[in-house]
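# Observations on the three-dimensional arrangement
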Amino acid sequence: MGQDYKPGSKKDLFVKKIQRTVVMMGRYTEQVPDCPCGNVIGLVGVDQFILKSATLSTSDEAHIFHTMKFSVSAVVRVAVEPKNAQDLPKLVEGLKRLAKSDPLVQCSTAKTGEHIIAGAGELHLEICLKDLEEQYMKGASIKVSEPQVSFAETVTKATAEPDVCVSKSPNKHNRLYVYAEPLGDELSMAIEENEIRETDEAKVRARTLADKYDWDISEARKIWTFGCQPDARANLLVDATKGVQYLSEIKDSMVGAFMQASSGGCYAEEVMRGICFKIEDVVLHADAIHRGAGQLMPTAKRVFSACQLRSGPRLMEPVYIVDIVVPLQAVAGVYNTLAQRRGTVEGKTDRIGTPLCQIKAFLPVMESFGFTAKLRQNTAGQAFPQMRFSHWQLVAGDPDEEGSSD
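This text gives an overview of the structure that appears in the document. (Residues numbered from 1 in each chain as written. Predicted model: local features only at pLDDT ≥ 70, side-chain atom pairs only at ≥ 80, totals over all residues. Heavy atoms only, no water.)

### Here's the deal with the layout of surface pockets
As a reminder of what qualifies: Here a cavity denotes grid points, spaced 1 Å and computed from the protein atoms alone, that fit a 1.4 Å probe unable to get out, and a pocket denotes an open set having protein on both sides within 12 Å along at least 5 of 7 lines; residues with an atom within 4 Å of a point are the lining. Grid points are joined across faces, edges and corners, and a volume is the space filled by probe spheres set on the points. Each residue receives one of three labels: charged for Asp, Glu, Lys and Arg, nonpolar for Ala, Val, Leu, Ile, Met, Phe, Trp, Tyr, Cys and Pro, and polar for the others, Gly being one of them.
Here the second largest pocket defines a volume of roughly 590 Å³. Along the wall of the second largest pocket there are 20 residues; nearest its centre are Phe-14, Lys-16, Leu-56, Ser-57 and Thr-58. Grouping the amino acids of the lining of the second largest pocket by side-chain chemistry returns twelve nonpolar, five polar and three charged.

### Considerations on the nonpolar core
Worth spelling out the cut-off: Here, the term nonpolar core denotes a set of buried Ala, Val, Leu, Ile, Met, Phe, Trp, Tyr and Cys residues that are joined through side-chain atoms within 4.5 Å. Using a 1.4 Å probe on the protein chains alone, a residue whose accessible area is under 20% of its type maximum counts as buried, one over 50% counts as exposed, and one in between counts as partly exposed. A run of H or I in DSSP counts as a helix once it spans at least four residues, and a run of E counts as a strand once it spans at least two, with each numbered from the N terminus. Every residue pair with non-hydrogen atoms within 4.5 Å of one another is taken to be in contact.
Val-80, Ile-117, Leu-132, Ile-324, Val-326 and Val-334 are the most contacted members of the largest nonpolar core, which totals 41 residues. Put simply, the parts of the chain that give this core at least two residues each are strand S4 (76–82), helix H1 (88–101), helix H2 (122–136), strand S16 (313–327), helix H8 (331–340), strand S18 (356–364), helix H9 (371–378) and strand S19 (384–394). When residues no more than four places from it in sequence are discounted, the contact partners of Val-334 are Ile-324, Val-326, Ile-359, Leu-375, Thr-379 and Ala-383. One finds Leu-176, Trp-224, Leu-284 and Leu-296 within the second-largest nonpolar core, a separate group that totals 26 residues.

### Some thoughts on the pattern of salt bridges
Put simply, the test is: The working definition used for a salt bridge is a side-chain nitrogen of Lys or Arg within 4 Å of a carboxyl oxygen of Asp or Glu.
Within the structure shown, the criterion is met by 13 salt bridges. Across the salt bridge formed by Asp-323 and Arg-388, the nearest N and O atoms sit 3.3 Å from each other. Taken as a pair, Asp-323 in strand S16 and Arg-388 in strand S19 lie far apart in primary sequence, 65 residues in all. Among the charged side chains, a salt-bridge network with shared partners connects Glu-181, Glu-219 and Lys-278.

### Some remarks on the state of the cysteines
Covalent bonding between the sulfur atoms of two cysteines is what defines a disulfide. As a reminder, the rule being used: Note that a disulfide, as used here, is simply two cysteine sulfur atoms within 2.5 Å.
Under the defined criterion, the tally for this structure stands at zero disulfides. Just so you know, Cys-307 is unpaired, no disulfide at all, and the nearest cysteine sulfur is the one on Cys-165, 3.9 Å from it.

### Some thoughts on the environment of Val-255
Assignment of secondary structure puts Val-255 in helix H6 (residues 251–263). Judged by relative accessible area, Val-255 falls into the buried class, the value being 18%. For the pair Val-255 and Phe-226, spaced 29 residues apart in sequence, the C-alpha to C-alpha distance is 8.9 Å. Once you skip the residues sitting within four places of it in the chain, Val-255 turns out to touch Trp-224, Thr-225 and Leu-237.

### What to know about H2
Owing to its 3.6 residues per turn, the α-helix brings residues three or four apart onto one side. Spelled out, the test is: In this scheme, a helix's expected span is set at 1.5 Å multiplied by one less than its residue total. By construction, the arc corresponds to the directions joining the helix axis to the C-beta atoms.
Here H2 spans 20 Å end to end across 15 residues, near enough to the 21 Å set by a 1.5 Å rise per residue. If you check which residues of H2 are buried, you get His-124, Leu-125, Cys-128, Leu-129, Leu-132 and Tyr-136. Taken end-on, H2 shows its buried residues confined to a sector of 130°, consistent with a single buried face. Residues of H2 that are exposed and point over 90 degrees away from its buried face: Leu-123, Glu-126, Glu-134 and Gln-135. The secondary structure elements touched by the buried residues of H2 are S4, H1, strand S6 (115–119) and strand S7 (142–144). Looking at the residues trailing H2, positive phi occurs at Lys-138, about 55°.

### Observations concerning the packing of H6 against helix H7 (residues 293–309)
When two helices pack together, you describe them by how their axes are tilted relative to each other and by the distance separating the axes. Using the following cut-off: The axes used here are C-alpha line fits, helices contributing only the stretch in contact, and every angle between their N-to-C directions lies in the interval 0 to 180 degrees. Should an angle fall under 35 degrees it is taken as roughly parallel, and over 145 as roughly antiparallel, whereas 65 to 115 is taken as roughly perpendicular and any remaining angle as oblique. Should the near helix be turned anticlockwise from the far one by less than a right angle, the crossing is left-handed, and should it be turned clockwise, the crossing is right-handed.
Packing of H6 against H7 brings their axes to within 8 Å, and their N-to-C directions diverge by 40°. One finds that H6 runs oblique with respect to H7. Considering how the two elements wind past one another, H6 and H7 form a crossing that is right-handed. For the pair formed by H6 and H7, the contact residues are Ser-253, Met-254, Gly-256, Ala-257, Phe-258, Gln-260 and Ala-261 on the first element and Ala-293, Leu-296, Met-297, Ala-300, Lys-301 and Phe-304 on the second. In terms of residue class, the contact of H6 with H7 is built from nine nonpolar, three polar and one charged.

Right under this line is the structure:
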């Protein structure tokens, strides 16, 4: 049973026979007929059905184990390709094995055909690439692009009242009236940390949204869907209509279009984050043949893009929190290095009884490449930084403004 399995369904469920049970004995494996509880064993014959983690059971009524939560996100990406074209099958197979072996790394294929590896940071990617080249590709050489950072697209204000966005279907018989507004950082974080889930009971979730986040209870009960898994979940599509006919028939088309729109915004094809789209009104043709998915999905995608453009669109960048341990006499070098890389100091704590102090700072992921080497150079090797993902923040500058930093 994989991560997406739900009791009673057949999605992500495989019924297979275990070929062998083995016990790891140093660098050798010893086959055993059975093994008591409390031991770590290896099972042969099911690896092709498991991506990162799975639950194995002999019972038809078993529930899956919860997947691990990580305090970091895969926000740094590189593109890889083999130096020799004949090694391409080795690269594809190696990426599959890498994705299975590391629970955090994400391997994907871009629209351009590039093979993308996403990791938590520069060091994590360096280890993944080393494993890929030496272990999973059996020594075949690869070319690696410069690291790239994933951004997110958001909005900073609600669509103005008279400017509710309208989109007509290609046959001109259907109209969608939609507006967008920001979700807020607190609610976006709650969705990303699984405090508010799509699988929650609608009434319980609506009460939570109304009490904690000042939502209208009737709108909170009519949330159609969250954003595209896994990176764009912190977006919502809400039915705010009243007395519209045939609305339930177009729900699947609207949800499908919303998934596509949230996985790549109209500015930079980056994932959306923190946007709530509300359907205010819908005009539909009386004949079902004129309001199919072919008519409504392109219409819905256009209206979602229009709402984003009319609601103060901005880009967001990921930010690391950096813990730096440094002697008091080298603090000036830390401040200079952070200032050169758009870092902001959050706090400084002296360790009593030692000549050391601990500095906490926020550093944009985009500026983190080569940060450790530069910091040690400016402090004569006395500073020791640790970085982990903290949050998303708005990029300075307006993308609509000509000559802005975006």
